[in-house]
Amino acid sequence: MSNSVEDQYQLAINRMTSAEKLARMQDMFNWMRDLYLRQAKAKFGDACPERLKWEVALRIYDSDPAIKKLIEEHIQHVFS
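From a predicted model like this one, the values you see are computed outputs, not experimental measurements. (Residues numbered from 1 in each chain as written. Predicted model: local features only at pLDDT ≥ 70, side-chain atom pairs only at ≥ 80, totals over all residues. Heavy atoms only, no water.)

Peer 1: Describe the packing of helix H2 (residues 18–44) against helix H3 (residues 49–60), listing the residues and the values that go with them.
Peer 2: A pair of packed helices is characterised by two quantities: the angle between their axes and the separation of those axes. Viewed as axis vectors pointing N to C, H2 and H3 meet at an angle of 120 degrees, and their least axial separation amounts to 9 Å. In terms of their interaxial angle, H2 and H3 are classed as oblique. Between H2 and H3 lies a crossing whose hand is right-handed. Residues Phe-29, Met-32, Arg-33, Tyr-36, Leu-37, Gln-39, Ala-40, Lys-41 and Phe-44 of H2 form the contact with H3, whose own contacting residues are Arg-51, Leu-52, Glu-55, Val-56, Arg-59 and Ile-60. (Axes fitted to C-alpha atoms, helices over the stretch in contact; angles between N-to-C directions. Helix = DSSP H or I, 4+ residues; strand = E, 2+ residues; numbered from the N terminus. Parallel < 35°, antiparallel > 145°, perpendicular 65-115°, else oblique. Left-handed = near helix turned anticlockwise from the far one by under 90°. Contact = heavy atoms within 4.5 Å.)

Peer 1: Residue-level account of the packing of aromatic side chains, with values.
Peer 2: Counted under the stated rule, the structure contains zero aromatic pairs. Above the plane of the ring of Phe-44 lies Arg-51, whose end atom (NZ or CZ) is 4.7 Å from the centre. (Phe/Tyr/Trp six-rings, centres within 6.5 Å; stacked < 30°, edge-to-face > 60°. Lys NZ or Arg CZ within 6 Å of the ring centre and 35° of its normal.)

Right under this line is the structure:
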């Protein structure tokens, strides 16, 4: 058996219960969302919390063209 970091990581993941995996996924999502929020605050500074929320959503759904377009249209309509 290999002792690589990847192998050790996979073993640790495989030992997790479904609930632990779900909690880990939620923690990772929260971390990502918080990162995007910090970036939006740096870019838009004094923007209202509602605008920041939509900017975070735009980053989260960046890879989905249809959803991204809807969010961009909403931002344009409400905040311009």
